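Take a look at the letters that make up each chain.
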Amino acid sequence: MDPFEVRMQFLGLLRRLDASQQSIKKIVGYAVKYFPSCGEDLWDCMLEECQKGSLNNRINILHLLDSLCEASLVIKPLPGVSHSSSSSSYATYVSRDLQKILDGVVPDGRQGLPNLMSTKQILESWRTKRIVDPQKVEDAITVLEERRAAAVASATRASSPDSAVGALTRDDIKRRMEEDRERHKRLRERRWVQPIGNALPAVLPPLASFLPLTDSVEGPGGAEDANAGLGVLDIEFDNDWEATSDWNEDDDEAVEEENELCFVDASDHGASDEQAMDLS
């Protein structure tokens, strides 16, 4: 199939995209299949639809990109594909053009508000799974918050004559509610799934304690690529480290309670039947 035909078929699939898992999987499979030969063209198609499609279609494309990023991280390079082309993926394109994606999915003004919360959830997922650099995600969320504040401030002012241009019909609102329910359900299902890249060995040791503390993977230029060597356990540790609070009085009380349960003092309990925990 020539590149022009691949592009036209892909555009047709994008315009029929909805929030169902079946529709997303079909496009993900198509995009992954033709990535080695037409990856840039297919990516341009998705960026174009993010700019000119309806708001509902744009948020569907963002969820499509979420699935596409995870799929591209686990596939292995095909035989005969050059190292330079195999080192890139759709996740690389998302990180490169993140601002363009946000400008299309969440445009300035009140018209972008319906997509704002779902977009933030996707960004948080990408930051948690390290699909996109956490600092880039933080900057993107800051931009979204600024847009939200500007839209709320404009809503407090007198309504302009063109304020009803982007109004949705009753049927559009019902459809959006149903698709939002489907999208949020899928996000909850995948919230705890960590990406497993092809840099990991095929067979992991049975115990996590046997895994190396750091994995160094060299990129195409010979230098170490920190993101490429980041394992699943590293990601989970970083997420737990960021979410754990500092040591406080509650922790001291919890330790004292555990010590009392573990080491029973006979002088305090007298003839009590309580015995110290067997630590052997």
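Residues numbered from 1 in each chain as written. Predicted model: local features only at pLDDT ≥ 70, side-chain atom pairs only at ≥ 80, totals over all residues. Heavy atoms only, no water.

Trainee: What's the story with the side chain of Asn115 in this structure? I'm lost.
Mentor: Note that Asn115 resides in the loop between helix H7 (98–105) and helix H8 (116–128). On the basis of relative accessibility, which here comes to 0%, the residue Asn115 falls in the buried class. In this structure, Asn115 is in contact with Leu55, Arg58, Ile59, Val105, Val106 and Arg176, ignoring residues within four places of it in sequence. (Helix = DSSP H or I, 4+ residues; strand = E, 2+ residues; numbered from the N terminus. Buried < 20%, exposed > 50% of the residue type's maximum accessible area, 1.4 Å probe, protein only. Contact = heavy atoms within 4.5 Å.)

Trainee: Before we go on, may I ask you to explain helix H3 (residues 35–52) in this structure?
Mentor: It helps to recall that an α-helix has 3.6 residues per turn; residues three or four apart then point in one direction. The sharpest bend along H3 reaches about 35 degrees and sits at Asp41. Inspection of H3 places Phe35, Cys38, Gly39, Leu42, Trp43, Cys45, Met46, Leu47, Glu49 and Cys50 among the buried residues, and these make up the whole buried set. (Bend = angle between axes of the 7 residues up to and from the residue.)

Trainee: Mind showing me how you'd approach the environment of Glu182 here?
Mentor: Take Glu182: it is sitting in helix H10 (residues 170–190). Under the relative-accessibility criterion, Glu182 is labelled partly exposed at 34%. Separated by 162 residues in sequence, Glu182 and Ser20 place their C-alpha atoms 7.0 Å apart. The contact partners of Glu182, leaving out residues within four places of it in the chain, are Ala19, Ser20 and Gln21.

Trainee: Honestly, the packing of H7 against H8 in this entry has me stumped. Any pointers?
Mentor: Axes are the key here: two packed helices are described by the angle between their axes and the distance separating the axes. Relative orientation of the contacting elements H7 and H8 amounts to 160 degrees, with a least axis distance of 12 Å. The pairing of H7 with H8 is recorded here as roughly antiparallel in orientation. Crossing handedness for the pair H7 and H8: right-handed. Mapping the contact onto sequence places Leu98, Leu102 and Val105 in H7 and Thr119, Leu123 and Trp126 in H8. Within the contact of H7 with H8, the residues separate by chemical class into 5 nonpolar, 1 polar and no charged. (Axes fitted to C-alpha atoms, helices over the stretch in contact; angles between N-to-C directions. Parallel < 35°, antiparallel > 145°, perpendicular 65-115°, else oblique. Left-handed = near helix turned anticlockwise from the far one by under 90°. Nonpolar A, V, L, I, M, F, W, Y, C, P; charged D, E, K, R; others polar.)

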